[in-house]
Structure formats: structure tokens, C-alpha cells
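The chain contents come next:
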Amino acid sequence: MPFDIPAPPPGDPTWPYALYKLLKDAGVTQFSYVPDAGHRVLIDLSLADPDVHSIPLTSEEEGVAMAAGANLGGEKHVLLMQSSGAGNCINMLSLPRLGKFPFLTILSMRGDFGEGNPWQMPMGKSVQPVLEACDVVCLRVEKPEEVIPTVDAALTMAFQSQESVAVLLSQKLIGAKKFA
Amino acid sequence: MSDFVLDRGEVIPKLIENPQDYLIVTGLAGTARDIANLCGAEGSNYYSMAGAMGGAVPMALGLALAQPNRKVLCVTGDGELLMNVGALATVAVMNPSNFGIICVDNGHYGETGNQVSHTGHTTDLSVMAQGAGIKQVRTVAQDSDIADAAAMVKGGNATFFVHLKVNDTPPARIKRSLDANYTKTVFRKALLGEV
């Protein structure tokens, strides 16, 4: 019996549920992550779904290498991380770049719109230029209605054109964490 | 360093009796050459690195999850493993029954001037693997340890970790392709019938 994606609780954003469905429908079977509040729904759905592998990582770079291994074995992998995790991936990104392995990551941003924790700002400001310097295509999302078409485009670029693609979910979309 | 005595070129073929029975991901440098020598440089059942240090274990894990009906091995060195040693914890949590790691530990960074590595000083990788939660762990440091570990590799019904301690004799010199896209295509064509 296929896994039924639950309805979003009343008042919650609906796009994370639609995003999970999009990834599943595209054939993604491996979801890896270092937990982040911005990915809470995707992570919880992958944990509840018996048809996918839900993989907690100790460092985001593991997910970059896992994605390449999944491709060797004919599966699709997506890496979910906070923007701060991008810095942990830099050298490992040479694997999908050199091997032309499909690589898709979805980053929930910290250190951008409305950030109140100064420790998040350095990587928040650096993530896109650093990823682009590593030949990763960056697609930024700021509005709920942009999520699905953007990730759909990213799936095509990653798994058909064998590119490394990062979708950056802005704090305009996911909200800035409040610091007292 | 007195227990780093075994010869990698002799022991690895005893641990992996029938290399064609496995899909193998190697680390960079020494283990890449060990396995190229074992499978043949043109072998299509192994994928080896020459960079992306720390990636061998997670790459092999991704492959093992994707291919649950095949036995998957990661063969990597002590330095490569230590760079991303948290991957042992990820492996233990996922615990795929078709997966095992053979760490070829010579206690040195053999490619960079043979500097003594952490394992040559104080670090014990088999204890770290146990601490990560991997249930089946064997240390192979002398000839009498080999048969039991080889049976575990062959049996393969739970995630395992073999800590193979060897002397610092260099691995076989063998020329292999360093084209990461070409070797990916060879591997995928053989396994999946597609590129």
C-alpha cells in the first residue's frame, strides 16, 4: 500500500507537503539531512514513509557522496540542509562535478532576510557565491508559489542534465527564527 | 606500531575471495590500487576515487541502499576514513544488511610522505566503529585473524567493519582510469545496463 502524504494541519504552509509529493513523484528514494527547522516537514514525512530511505547525516558532505553512490546504483537522492552546511560540502562537490553525477540539494536559508543571530550571517552571505564557485547552479525561492516550479526545474537539471543544483529556500519563504 | 605487520597485497585477496560477487567503492590512493589490482584495472564492479577524501563510506552507503540485493563493500584507508569518521555513525543508524567496510589501516599517510597517522599513534578505528554502533566488528592484525573475518565478509547478513592492520609496504602499482565520469559510466552500464 503506497504511503499517503497527510494533509497539512490547518494554518500550516502547504508547500512542504506538495514538495514532498513532487520529489516522490520524480522518483527520489533517498532523503538525507542534517536536521534543520526549515526542513521539518520533509524530514518527518521521509521518516514516516516506508517506501524511502530517510538518512540522518553527521555532516552534510556525506550526503554529497551518498547522492553519487545512489546514482551508481540507479536511485535518486536529495540532500536537505541548512545553508550553514554548504561550507561542509566544498571539497566533496568535486565528486559530482568531475563525475557528472546528478546532485540535488535543497537548502533552508539562515543568515539572510531578517536574521537575528549574527553567527548565521557569515555563511548566509557566502553560501551562494561559494556554491557557484564550485559550479553548482543556485536557484533561489522567496514565495510559496515558486517552490514547486523551481524544484521541478532543479530536478530536471540535476537528473537529466547531470548538473549539481542547489535550491535556496529564503527566510522570506520560511520565516526568520526569532531571537529575543 | 608493532602490530602493523600483515601485507595488504596478501591479505586483501583472502578477505575478498570472489571480488566479482561484490560492488565495491574504494577510497583514494592505496585502497584504489589494491582493488584495481584485485578486480583488474578495467573491472566494472568497482568505483575508485582519486580525491573527494572522506567520501568513500557514504558513497558506498548510497549504493548499498540503492542495491539491496547486491553485496556492497567499501574498502578505504585509515586517513580517508578519519577525514569523515562520522559516516560510521550514519552507517550504523542505517545498518544495511548488504554492506560492509574494510578499512586498510597502515598507520600512515602513504601518499604524502608516509607521515604517521592518528592510528599509528593512539587511535583505534575498530573501537570507533563499535562506538558508532556497528555490531559486527573484527580486527585483523595477524594471520590467525583472517579466516574469521573472511567468513564475515562472505556471509554478509549484517553491516560489518573489518579493521585490517597492515605494514606500510606500498600497494600494487597499477594504472587505472582517473576519469570519474568514464568510470561511472562503465560501472552503471555493467550494473544497470544504462549510462
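Just so it is clear, the model here is predicted, and its values are computed rather than measured. (Residues numbered from 1 in each chain as written. Chains lettered and ligands numbered in written order. Predicted model: local features only at pLDDT ≥ 70, side-chain atom pairs only at ≥ 80, totals over all residues. Heavy atoms only, no water.)

J.: Give a description of the sheet that holds strand β4 (residues 99-105) of chain B that names residues and reports values.
T.: Residues and elements named next belong to chain B. Taken together, the six strands give an open sheet; going across it, the order is β2-β1-β3-β4-β8-β7, and neighbouring strands pair in parallel fashion. With one partner strand each, in any of the chains shown, β2 (46-47) and β7 (136-140) form the two edges of the open sheet. Across the sheet, helix α1 (residues 8-15) touches β4, β7 and β8 (160-165), and the angle it forms with β8 is around 160°. Strand contacts of helix α3 (residues 56-66): β1 (22-26), β2, β3 (71-77) and β4, with the helix running at about 175° to β3, the strand carrying the most contacts. (Pairing = 2+ DSSP bridges. Helix = DSSP H or I, 4+ residues; strand = E, 2+ residues; numbered from the N terminus. Contact = heavy atoms within 4.5 Å. Axes fitted to C-alpha atoms, helices over the stretch in contact; angles between N-to-C directions.)

J.: Break down the interface of chain A and chain B for me, with residues and values.
T.: Put simply, an interface is often sized by how much accessible area is lost when its parts join up. With 28 residues of chain A at the interface, the matching set in chain B holds 28 residues. A per-residue breakdown of the area chain A buries against chain B is headed by A:Glu62, A:Met66 and A:Leu72, which together make up 26% of the total. Taken together, the links from chain A to chain B amount to zero salt bridges. Here chain A is connected to chain B by seven residue pairs in polar contact (both at pLDDT 80 or more). Secondary structure elements with two or more residues in the side of chain A that touches chain B: β2 (53-56), α3 (60-72) and α4 (94-99) of chain A. Here the element with the most residues in the side of chain A that touches chain B is α3(A); it accounts for nine residues. For the side of chain A that touches chain B, the residue count by class is twelve nonpolar, twelve polar and four charged. (Buried area = accessible area lost by both parts, 1.4 Å probe. Salt bridge = Lys/Arg side-chain N within 4 Å of Asp/Glu carboxyl O. Polar contact = N/O pair within 3.5 Å; in protein donor to acceptor, adjacent residues only side chain to side chain. Nonpolar A, V, L, I, M, F, W, Y, C, P; charged D, E, K, R; others polar.)

J.: Can you break down the sheet that holds strand β4 (residues 103-108) of chain A residue by residue, with the values?
T.: Residue and element names in this part refer to chain A. With parallel pairing, six strands are arranged side by side in an open sheet as β2-β1-β3-β4-β6-β5. A single partner strand is all that each edge strand has here, and the edge strands are β2 and β5 (137-141). The average angle at which neighbouring strand axes cross in this sheet is 20°, direction not considered. As paired strands, strand β3 (residues 76-82) and β4 are joined by five bridges and run parallel to one another. In the strand pairing of β4, Val-78 is matched with Leu-104. Helix α6 (residues 144-159) contacts β1 (28-33), β3, β4, β5 and β6 (164-169) of the sheet and is inclined by roughly 170° relative to β5.

J.: Quick one: what's the story with the state of the cysteines, residue by residue and with numbers?
T.: With the rule as written, the count across this model stands at zero disulfides over all chains. Here B:Cys74 stays free of any disulfide, with the sulfur of B:Cys103 as its closest cysteine sulfur at 8.6 Å. (Disulfide = S-S within 2.5 Å.)

J.: Can you lay out the pairing of β3(A) for me, pointing to particular residues and giving the numbers?
T.: All names here are of chain A. Within β3, six of the seven residues are buried, leaving the element largely enclosed by the surrounding structure. Pairing analysis gives five bridges linking β1 to β3, with the strands arranged parallel. Paired with Val-28 across the strands is Lys-76, a residue of β3. Taken together, β3, α4 and β4 constitute a β-α-β crossover, and its handedness is right-handed. (Buried < 20%, exposed > 50% of the residue type's maximum accessible area, 1.4 Å probe, protein only. Right-handed = clockwise from strand over helix to strand, strands pointing away.)

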